[in-house]
Structures are given as structure tokens and as C-alpha cells.
Amino acid sequence: MIPALILVPIVAAALSLIIRHDNLRRVLFVSAALTHSGLTFVAWSCTPEAILNGWLMLDAPGLLFLSITSVLFLAASFYAVGYLNFEKKQEKQDFEDGSFFTNTPEAIFIACLLAFLATMTIVTVSQHLGLLWVAMEATTLATAPLIYFHRHHRSLEATWKYLLICSVGIAIALLGNFFLAVAASKTGGQDTRLLLSDLIQQGNTLNVPWLRAAFLFFLVGYGTKMGLAPLHTWLPDAHSESPSIVSALLSGALLNCAFLAILRSHQVLSAAGQSEFSSSLLIVFGLISIIWAAVFILGQTDYKRMLAYSSVEHMGILALGVGVSGAAAFGAMLHVVNHSLTKGMLFFVAGNILAAYKTKASKDVRGIIGIIPASGVLWLAGFAAIVGLPPFGIFLSEFTIAKAMFEQHRTGIAIAYLAVLALIFISMSRIFLNMAQGKAPQGIPAQAGSETIFNILPPALLGVTTLIFGLYIPPFMNTALHEVAKAIGGF
Amino acid sequence: MNLISIANSVLAVLLAPLMFGIINRTKAVFAGRTGQPLLQAYYDISKLFQKGAVYSNTTTWVFRAGPIVGFAAVLAATVFVPFGGLPALFAFKGDFVVMVYFLGLARFMTVLSALDTGSSFEGMGASREVTFSALAEPSFLIGLAAIAKYTGHISLSPMLAGINAASWGHAAPALALIGLAFFVVLLAENCRIPVDDPNTHLELTMIHEVMVLDHSGPDLGFIIYSSTLKLWLLGSVLIGIIVPVHSGIFLLDTVSSLLGMLGLAVVIGIIESTMARLRLLHVPQLLLGATALSILALVLVLR
Amino acid sequence: MDNSIDTIMVLLVLMNLMLLGLSSLGTCIRVVAAQGITLGILPLVIHGGIFDIRLTLFSAAIVGLKGIVFPLLLSWAMRDVNAQREVEPFIGYGKSVIAGPLALAVCMWLGSRLPLPLDIVSPMVMPVAFFTIMCGLFLIVSRKKALSQVLGYIVLENGIYTFGMVLAEKQPLLVELGILLDVFVAVFVMGIVIFHINREFDHIDTDRLSSLRS
């Protein structure tokens, strides 16, 4: 089962490079995504057996993150069909500075997307921290061509920053792996392998100073990829310059994978009795990220960058939730699910808006409801979901985290957290509502025809799902989330 | 105090001008020329001593004192440096600082007498000389400090005596770094390529030569003599590190050191024939590099 | 044997200092190549100089990649983008060269604070690895040309690799292969990107890549 999960996207990627016919390739793409999510769905009912001496295994956190990735990818694959139909193949003019550019060939784009799925799948199933690292590096390489889909100089700038910053981050994470290996080595006797289960089992024999240093490097290294401030600098550029479908996957799936890597090292530290050290670091980075994001959302003029900073904010909330632990760990896991669904939905809708208005400046976008009504409604719904209005799922998860903070008498952190969320709510409502309401500017043709089932259904379904999770958490998911929370030291 | 060690100073005075001869001969061989006689420096100096001196009306006694005090200071510095089988005439704690500052005194007097002429060219040369030697001095002193730390002595004779073939066996990296740094210092202090070109006579590019343009007769003779002595002096410190033969047999030690000096002169000659002078802007980089090497050596012996 | 490891470590430090102080990109590439070859020798001497077929092959691979392939790729990129030297880095060469030994002193201190729980081969290895990593990071942040940043990245990898050599016999080959793969693909991809940056902008000064802000 695990080999199938990894091999399906890889084989499909290879095939999509060979296939010459566009429609056939798109069918293959969607069916690969469908197969992958089908397999993931089966994995919920029967746990797949471990392979390669336990190097690849699907445990509770892995399954959760795999499912999120798979669902989001499925939605993205549907959306991609409409998007690729809409994108012209010939050289076209850039709407910001008027220069001419072309797109990356569709075959390469789809192959990279599938390779991206494969590498993220490996991240979620790998139990060996070295293998996890290799997979994380592979995600960087798979996504770089995706960000450079529109071959113009702004996307190139974003790709360069992404590659350089994330490569350095990943190199630092490798150093973390080495430090962990030092911490696990013993003078005389068998060294502990870098397998998660072994590390947790023999946690108390690990060398503490080296273990702490290793966590610090993991946090900085993978934190770069996850977009924790102040290491997030690649994130707004990459999110705003890549196609919306890629932004959705970066935000909803890739950042989660990096977060999973940090969670794994947090698990090891908890097993070694050092959870206090790692938790306090996570809280500090989480708070910095939320505050930093709030400051940048406040004066934001570009709605895709605003969504990117919102991702920084939510990654901060995740780090904070895991750091606070206890009931907040459950809240953080619920938040992972809800954030991915909501952010995927918002980026898809942002793609529709960009296609209709041909600008990323939020002040030039007015009256979405009048021009593209379905997208306008989804945009407003997405706004309500992302800022955490009830009854959407994010309200529930953010509330759980805040409640846990008060229960643990961390009032200072709780007040800062709530105040920053309120600030973000205000600045976001200004941007979102101004875009949705009002009179559309001159020269925007009424393009009701540009709304098809492909670009409305995926965001709508994602939105409905997060709405449902806000009202009712299915029991199987409840147990799964609790299991994950337990694995990372909460309940 | 070992009276026989006065032979070190005598040897320096006798043989130092020969170094110039060897360097020039090496350069001549590289250029395919016959070249000057090996003893040309001796001829030059004795010729200059037989001439009268010309003094400008604008100069004062400082101008006249400069060459003599400079020569005396360098000569005095030779009594602190051991050579071959003989220890130094004077050895006390911290004597290497005295040695370095005797050299500093010589440079100070040269600079003063250059400034005393009131010529703008000489002032420019003086400012360059001071800048570069200020950059070279840390490298030299830190290198000496590293040797002091390594050998556990703070007097030049036991410091150099403490380095032998065995120390190259287990501290080769540090010693090689110090040797390299000292070599750069030696080139800079003696105004050799790539820091300064002793043959050039274009005032804009010169450093040392431009400062002594106004000296003539015996004064110029003293200046040339003291610069050969300085080369000998720094060379014998360097040779003390990179050719550490301490067999106890006087003749063997001295001959190997003399051969080392000969080799050093040949190497300088080769460098002068194959390299070009660095741009003035890049000289500080070279000297900072030498300082970095010395610091590195110090870090290595400190751990 | 101790001396040969120390010599290699000092050579690494010297090459780092040269990279900090040199402005010519071509020379920098050659220094990085020399560093790669020096690192290639490291696995042979670090474990007592015992002949071992796995280590020999590994060493040959490192020399081939770090010493020959990457430098060739980079000089090809350099010729292609027609960039000869790094002009006006954010931090000057003189300052960088002096900062080098001071950083090394800090690394030595760090190395003494974090003693390795292994029977270590030479106490120099850890501080020098840290120092190389710091030099790499420094080059990445202080230089403007994309090519110099790639060089800095390779130096960073070299430092991590040096550290990894301490663990070479403890952990299986996977770790080492990870480094090779990583560096190889990174340089490859970055080379392509440099090429594209040059085509789009007619320069490879990354400080002028600044249209995306806030």
C-alpha cells in the first residue's frame, strides 16, 4: 500500500512527460490524484504494514498529514484542468509591466505537480529522520519549476529566493540530523538508529546538549520551509508569483509537511524529557510569526501576498498550539486540517479573481460579487473562515487553543494571541470586503462565462468541508486527532 | 651573556650585503642576463662612504641624524637574534619586543628624516611606509606570540632553540602558517616585490626608495647598509623557524643556517622575477592576510 | 596521523579565508574546487588511514564531484553570464578576512563547550566544520552575485560534510549520499536559474532582484 501511494504519482509523472495529447494528460493527472486519495481513504480503515525495516510506516500524524495533502491535491487537480484550459499557450503580455513571457510546458508542469505529491507522500510516511530530510529536499526541487511556471522576471526572482533560502534551511536541518546522530551515538554499545520509534523508545539515553542543539537546527531549518517568521522571507514572494493552484498546494500541503518534520523532532525531545525546551522555542517562534504576519497584513496592498502572510500567521498558530500543548495540541491538529482546507479554497478563488481582473492590487479589485458572483460569495465565505468566524472550523480550532492557554494560566500569551487575531481580523476585513463589494471598475468585461465547474466546485467543496468541521467533527476523525495530539505530548 | 655571540652581529655586518647580491644574481639568471657582480652591494656602499654628502638648506639635524640612528638601531637589534649554533648576545624575558621596537625606531628615524625634507613625494612615501608597517607589525608580533606560547619561552633565543625537527613533526600546520606570515612580513618590511619594487624609480609608486631620494654620500650608504641588515635580521628569525637544525655541532648548525639564508635570498629573487608588484590598494589585503595567518597559528597553538 | 588531519583542517581554514578575501570569481571557483579535493582526501585519513574499499570509492566520488564536476559547471556558468569578479560586496574583503580568524576562535570555544560524546579523531574537526559552515553562510549573505551565493552554499555544504565525516562510520552511507545528491542537484538547478536570471535581467546581481517587497 505504501509503495503504491508513492509510486502512483511517480509513474503518472513519468507518463505525463511522454504523453503528447493535452486532454489525455489531464485525464491521467486527475485520475492519479483520485487514485492517491482513494488509497489514502483505504488507509484509514486498514492500517498499511510497515516496509523497509520500518523506515516507511503510516502512523497517526503521518496519516493525518497525508490525508490533508491528498484531499487538497485532488481539489487542485480538478482546478488545474480549468486553469490550464484558460491559460494561453502562446507568448503573452505581462499585465504588470507589459513584458512578454511564456509558460512552462504543460507536460513539465503536471509532471512536477505529481512529483511534488510523491515527495510529500514520502515525507508523511517516512519514519527515518534522514529519509524525511531527503524527501523534504526533494519537495524543494519539485516545486521550484512550479513557481517559475510563468516565465517572467518576477517569478524568477521568487524562484531564486525560494531555492536559495530553502536550500540553506534544508542544509541546516541536515546539520540537525547529524547532531541528532551524535546525540544518539554511544561510547561502546549499539548506537540508536535514527528511526522515530527507536529514538522515542530510547529517549532517556540520548545526549541532552546535542539533542537540544539538534532541535534548534531542526526548528530553524524546517522552520524556514514552514514559513515561521523571521525565516519566512521566501514565502510571500513565492506565493504571490506562482499560479494560484501552486500557491494553494504550497500553503496547504508543503508548509504542513515542514511542520510535520518539526513535530517529529518535537516527539523525540518529548521522549527524552526535554519537551519544556522545545515547547518554549515553539511558543516563541509562534508568537513572533503571528505578530510579524499581523504587521504585514495591516498595510498589505496585494491580495495574494496577504493570503501568504495569513499562512505565516496560521503556521505561527500551529507552532504556538503545539508549544502550549495539552488540549491545545488537539486544537493545533484540528487547525492544520481547517487551515489547509480554507487556504486552498481562498487561493483557488484568488486565482479566479486574478483571471477576471488581471491585477493583484487589492485596491483595483471592486465588486467581485457583480462580475463573478460565485467566486464573490466564496471569497466572502473564505474570509469568514480564515479569520475564524463561527461556524467555520478555524473558529473551533483557534478557540480550543485559546481555551487551553487560559486553562494552563498562560494568560499573557493568550491575551497577545487574541489581540493579534483581532488586529488581523480588522485589517483583513478591510481588504476582503472592499474587494467583494462596491462597483466594479470600468473595462472589466462581465465574464460570467469564466466561471466553470472546474474553478468553482473545488473551492466550494473545500469551504463546505471546513464548515462541516466547524459544526460537527466525525467520531473517526475525533479519535484520529486525539491520537495525533497524544503522540506529540498533548491529549 | 655569551661574549662569543658577538660573532652573530659581526656575521650580519659582513654577510648582509651579500644577500642583495644573491637576489640580484637570481633575478639576472631568470632574465637571462649576466647580472651584477655578487659583491656589488659592497662596492656601492664603499663608494658611497668615500663621497661627500649634499644637504639641502631646508633640512635640519634630524635629516642628518636619521641614517646614522637608523643604522645603529638595526645594528643594535642584531644582538637579540640567535643565528646558527650561537644564541643571541643578549637574552632576557620579552627581548623580542625590544628587537621589534629597535626596528621600529629605525623606521621612525627614516620617516622623520623623509618628512624633514619638506618634499611632498617623500611625505607620501613616509605615509605609505607607516601604513604598511603598522599593518605588518601585528602579524609579526602575533606570530612571535604564537611561538612563545608553543615553546613556553618569552625570549627570542630559547624560543627559536625550542623549535626543532620534532616540533615540525607534531605542529607542522602552525609553524608553516607562522613561517608564511613572517615571509610576507619580511617582504613588506624590506620593500620587496610584491609590496614595493626596489628597482622602480617612479616616485608615485615607490615606498621606501622615495623616502631616501634626498640622501647622498655616506648617508645613503648607511641607509642601504641598514636595509641589508634588516633583511638579514628578519631572514635569520624566519630561518630559525623553518630550518631548525639544533644538532649541537656548531659548524653543522651554522652552515645549515647560512644555506637557509642563501635559499631565502634565491626564493626572494625568484618571487621578484615572477611576480608583479601589487596595486597599492591590495597591499593592505596581503598584510591583513598575513595577520590572519598569524592569528590562525595562535589559535592552533592555544587550543 | 593526527598531523595529517590537522594539516587538512588548516588547509580548509586557509581556503575559507581565501574565499573571504578574494574578489575574482574564477579564483574563488578554483579555491572551492581545491577545497572539494581536500575534503575528498579526508575520509581516507580520518579513520586511521586504514584502506577500505567503501571509503576509497566514496573519496573518489567526492573528489570527482566537488573537485571536478561542480567547478566545471560553475565556470561554465561564469563564462556564460560573463561575470568576472564580485564587485562591492556588502561587507568588504579586509573586514571579512579579519573577521575570519575571530570567527574561528569563537568556533573553537563552541567546540570546547559541546564536547563530542564519541572517541573523536581530532579536536580540530568540529570547530573547523562549524567555521566552514559559518563562512558559507557569511558568503551567502554578504555577496551580491548569484554565482558567489552558490559558491557560499557549496562551502556551507562542505562544512556540513566535514562534520558528517566524524559520523561516517557510525551511520550508514545514506547520510553521505544525501549530501552528494543535495549538492549536485542544487548546483544544477541553481546553475539553470542563474542562466535564466542573466537572460532576463542581463546581470546576476541578486541585490537588484528587489521588485518583490513587503
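Residues numbered from 1 in each chain as written. Chains lettered and ligands numbered in written order. Predicted model: local features only at pLDDT ≥ 70, side-chain atom pairs only at ≥ 80, totals over all residues.

## Some thoughts on the overall build of chain A
Each helix and strand in chain A was counted, giving 19 helices and two strands. A compact globule built from 491 residues would reach a C-alpha radius of gyration of about 23 Å, and chain A, at 22 Å, matches this within 12%. Each principal axis of the C-alpha atoms in chain A carries an extent, and together these give about 75 × 55 × 40 Å. A burial count over chain A gives 61% of its 491 residues as buried. For chain A, long-range pairs separated by at least 24 residues make up 81% of all intrachain contacts whose partners lie at least 6 apart in sequence. (Helix = DSSP H or I, 4+ residues; strand = E, 2+ residues; numbered from the N terminus. Rg over C-alpha atoms; globule rule 2.2 N^0.38 Å. Buried ≥ 20, exposed ≤ 12 C-beta atoms within 10 Å, placed from the backbone. Contact = placed C-beta atoms within 7 Å.)

## Here's the deal with the overall build of chain B
Of the regular secondary structure elements, chain B holds eleven helices and zero strands. Against the compact-globule benchmark of 19 Å for 303 residues, chain B has a radius of gyration of 19 Å, which places it among compact chains. Judged by the C-alpha coordinates and their principal axes, chain B covers about 60 × 45 × 40 Å. Burial analysis of chain B (303 residues in total) assigns 49% to the buried set. Here the contacts in chain B between residues at least 6 apart in sequence split such that 79% fall between residues at least 24 apart.

## A look at helix α5 (residues 120-151) of chain B
End to end, α5(B) covers 46 Å across 32 residues, agreeing with the expected 46 Å (1.5 Å per residue, within 8%). G152(B) sits one or two positions beyond α5(B) and adopts a positive phi of about 80°. (Expected span 1.5 Å × (residues − 1).)

## What to know about the interface of chain B and chain C
Opposite the 14 residues of chain B that make contact, chain C presents 17 residues. Of all the secondary structure elements, the ones that give two or more residues to the side of chain B that touches chain C are α7 (165-189) and α11 (283-302) of chain B. Of all the elements, α11(B) adds the most residues to the side of chain B that touches chain C, at eight residues. Looking at the side of chain B that touches chain C residue by residue, the classes come out as nine nonpolar, four polar and one charged. (Nonpolar A, V, L, I, M, F, W, Y, C, P; charged D, E, K, R; others polar.)

## Side note on the packing of helix α3 (residues 60-86) of chain A against helix α10 (residues 244-271) of chain A
Residues and elements named next belong to chain A. Following both chains from N to C, one finds α3 and α10 inclined at 170°, their axes separated by 9 Å at the closest point. Taken together, α3 and α10 sit at an angle that is classed as roughly antiparallel. Residues P61, F65, I68, T69, L72, F73, A76, Y79, A80 and Y83 of α3 form the contact with α10, whose participating residues are I245, A248, L249, G252, A253, N256, C257, L260 and L263. Along the lines of polarity and charge, the residues of the contact of α3 with α10 split into 16 nonpolar, three polar and no charged. (Axes fitted to C-alpha atoms, helices over the stretch in contact; angles between N-to-C directions. Parallel < 35°, antiparallel > 145°, perpendicular 65-115°, else oblique.)

## A word on the arrangement of the chains
There are two pairs of chains in contact here, and the one with the most contacts is chains A and C. Spatially, chain A and chain B are disjoint, and the shortest separation between their C-alpha atoms is 22 Å.

## So, helix α9 (residues 217-242) of chain B
Think of an α-helix as turning once every 3.6 residues; residues three or four places apart then point the same way. Under the 1.5 Å per step criterion, the end-to-end length of α9(B) is 38 Å for 26 residues, consistent within 8% with the ideal 38 Å. Within α9(B), 23 of the 26 residues are buried, leaving the element largely enclosed by the surrounding structure.

## Some points on the packing of helix α8 (residues 208-226) of chain A against α10(A)
Residues and elements named next belong to chain A. Running from amino to carboxyl end, α8 crosses α10 at an angle of 170°, the nearest separation of the two axes being 8 Å. Viewed along their axes, α8 and α10 adopt a mutual orientation that is roughly antiparallel. Taken together, the residues of α10 that come into contact with α8 (itself represented by L211, F215, F218, L219, Y222, G223, K225 and M226) are L255, A258, F259, A261, I262, S265 and L269. In terms of residue class, the contact of α8 with α10 is made up of twelve nonpolar, two polar and one charged.

## A word on the environment of L421(A)
All names here are of chain A. Mapped onto the secondary structure, L421 falls in helix α17 (residues 411-436). As for L421 and I317, which are separated by 104 residues in sequence, their C-alpha atoms are 9.9 Å apart. Once residues within four sequence positions are removed from consideration, L421 is found in contact with G388 and E398.

## Structural notes on unusual backbone geometry
Most peptide bonds take the trans configuration, and most residues that are not glycine carry a negative phi. Residues and elements named next belong to chain A. P230 follows A229 through a cis peptide bond whose omega is 0°. By the element assignment, P230 lies in the loop between α8 and α9 (234-241). A cis geometry characterises the amide bond from P390 onward to P391, with omega recorded as 10°. Looking at the element boundaries, P391 is found in the loop between α15 (373-386) and α16 (393-407). Even without glycine at this site, N53 takes up a positive phi of about 55°. By the element assignment, N53 lies in the loop between α2 (22-45) and α3. Positive phi values are uncommon outside glycine, yet K358 reaches one of about 55°.

## Side note on the environment of I110(A)
Residue and element names in this part refer to chain A. Along the polypeptide, I110 turns up in helix α4 (residues 106-125). Measuring from C-alpha to C-alpha, the distance between I110 and R26 comes to 8.2 Å, with 84 residues separating the pair along the chain. Residues in contact with I110, not counting those within four places in the same chain, are S16, R25 and F29.

## With respect to the nonpolar core
All names here are of chain A. Judged by nonpolar contacts, the single largest core of 345 residues is most densely connected at L114, M136 and L249. When residues of this core are assigned to their parent elements, the largest contribution, 22 residues, is made by helix α6 (residues 153-184). For M136, the residues in contact, after removing those within four places along its chain, are V123, I170, A173, Y222, K225, C257, A258 and A261. (Core = buried A, V, L, I, M, F, W, Y, C linked by C-beta atoms within 7 Å.)

## Digging into the confidence of the model for chain B
This prediction gives chain B a mean pLDDT of 89; 98% of its residues lie at or above 70. Taken over the whole predicted complex, pTM reads 0.85, whereas the ipTM for its chain interfaces reads 0.87. (pLDDT = per-residue confidence, 0-100.)

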